[in-house]
Amino acid sequence: MAGTFKFELVSPERILISGDAEAVALPGIEGDMTVFAGHAPLVSTLRPGIIDVSTGGTKNRIFVKSGFVEIGPDRVTVLAEKAFDTAELASDWMDGELTIAEADLAAAKDDNSRMLAERAIEQLKALGGKAA
């Protein structure tokens, strides 16, 4: 298929997505990025956020807590610490993750840890988690 590339999103529990994609939007540690076929090679850390995967006119949204992405001209691989399809998330799960993120923020000892915890809180609230 012209204009597509192989995309795989893997967590320790399972392979969440494996197939052809037209575009993937990622929450990189240094900012959001969108990948298309033919992208220059890149390796980046991911911060908490949503990965949007566009395939054949549909879009999958995956919440990642953290991880890494390896990008090549014809392949993108995401290795996520924790990843969940947003369509499958229950509000009680989001509330539990929000409580964990708030505890991480309270325990943060440096700016980077604080930034990651704040980002997780922001993204979980945007997905519908209640404020604790």
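That block above? That's the structure.
For clarity, every value in this text was computed on a predicted model and none was experimentally measured.

Asker: Could you clarify how one ought to interpret the overall build of the protein chain in this entry?
Answerer: The helix and strand tally for the protein chain stands at 2 helices and 8 strands. Reading the secondary structure of the protein chain in the N-to-C direction produces β-β-β-β-β-β-β-β-α-α. Its C-alpha atoms give the protein chain a radius of gyration of 15 Å, within 12% of the compact-globule value 14 Å for 132 residues. Across its three principal axes, the protein chain shows a C-alpha extent of roughly 45 × 30 × 25 Å. At a minimum sequence separation of 6, the contacts of the protein chain that also span at least 24 residues come to 49%.

Asker: What is the right way to look at the environment of V64 in this model?
Answerer: The topology assignment puts V64 in strand β7 (residues 58-71). For V64, a relative accessible area of 0% puts it in the buried group. Residues V64 and R47, 17 residues apart in the sequence, show an inter-C-alpha distance of 7.7 Å.

Asker: What am I meant to see in the nonpolar core here?
Answerer: Generally speaking, nonpolar side chains in soluble globular proteins are found buried as a group. In terms of nonpolar packing, the biggest core is built from 21 residues, with F7, L9, V24, L26, I51, I62 and V78 touching the most fellow members. At the level of secondary structure, the elements contributing two or more residues to this core comprise β1 (5-10), β2 (15-21), β3 (23-28), β4 (31-36), β6 (49-55), β7 and β8 (75-85). If we ignore the near neighbours within four places in the chain, the residues touching V24 are F5, F7, M33, T34, V35, I51, D52 and V53. Of all hydrophobic cores here, the second largest spans 7 residues; its members include F63, L98, A101 and I121.

Asker: How should I be thinking about the pairing of β1 in this particular structure?
Answerer: Strand residues, when the strand is regular, have side chains that alternate between the two faces of the sheet. Only one face of β1 is covered, namely the one carrying F5, F7 and L9; the face carrying K6, E8 and V10 has none of its residues buried. With 6 bridges joining them, β1 and β2 adopt antiparallel strand pairing. For K6, the partnering residue across the bridge sits in β2 and is D20. From the end of β1 to the start of β2, which pair antiparallel, there are 4 residues.

Asker: Sorry if this is basic, but what is going on with the pattern of salt bridges here?
Answerer: Pairing between side chains becomes possible if they bear opposite charge and their charged atoms approach one another. Under the defined criterion, the tally for this structure stands at 5 salt bridges. Across the pair R47 and D32 runs a salt bridge whose closest N-O atoms are separated by 2.8 Å. Note that R47 is positioned in the loop between β5 (42-46) and β6 and D32 in strand β4, a separation of 15 residues in sequence. R114 serves as the salt-bridge partner of D111, at 3.0 Å between the closest nitrogen and oxygen.

What counts and how
- Residues numbered from 1 in each chain as written.
- Predicted model: local features only at pLDDT ≥ 70, side-chain atom pairs only at ≥ 80, totals over all residues.
- Heavy atoms only, no water.
- Helix = DSSP H or I, 4+ residues; strand = E, 2+ residues; numbered from the N terminus.
- Rg over C-alpha atoms; globule rule 2.2 N^0.38 Å.
- Contact = heavy atoms within 4.5 Å.
- Buried < 20%, exposed > 50% of the residue type's maximum accessible area, 1.4 Å probe, protein only.
- Core = buried A, V, L, I, M, F, W, Y, C linked by side-chain atoms within 4.5 Å.
- Pairing = 2+ DSSP bridges.
- Salt bridge = Lys/Arg side-chain N within 4 Å of Asp/Glu carboxyl O.

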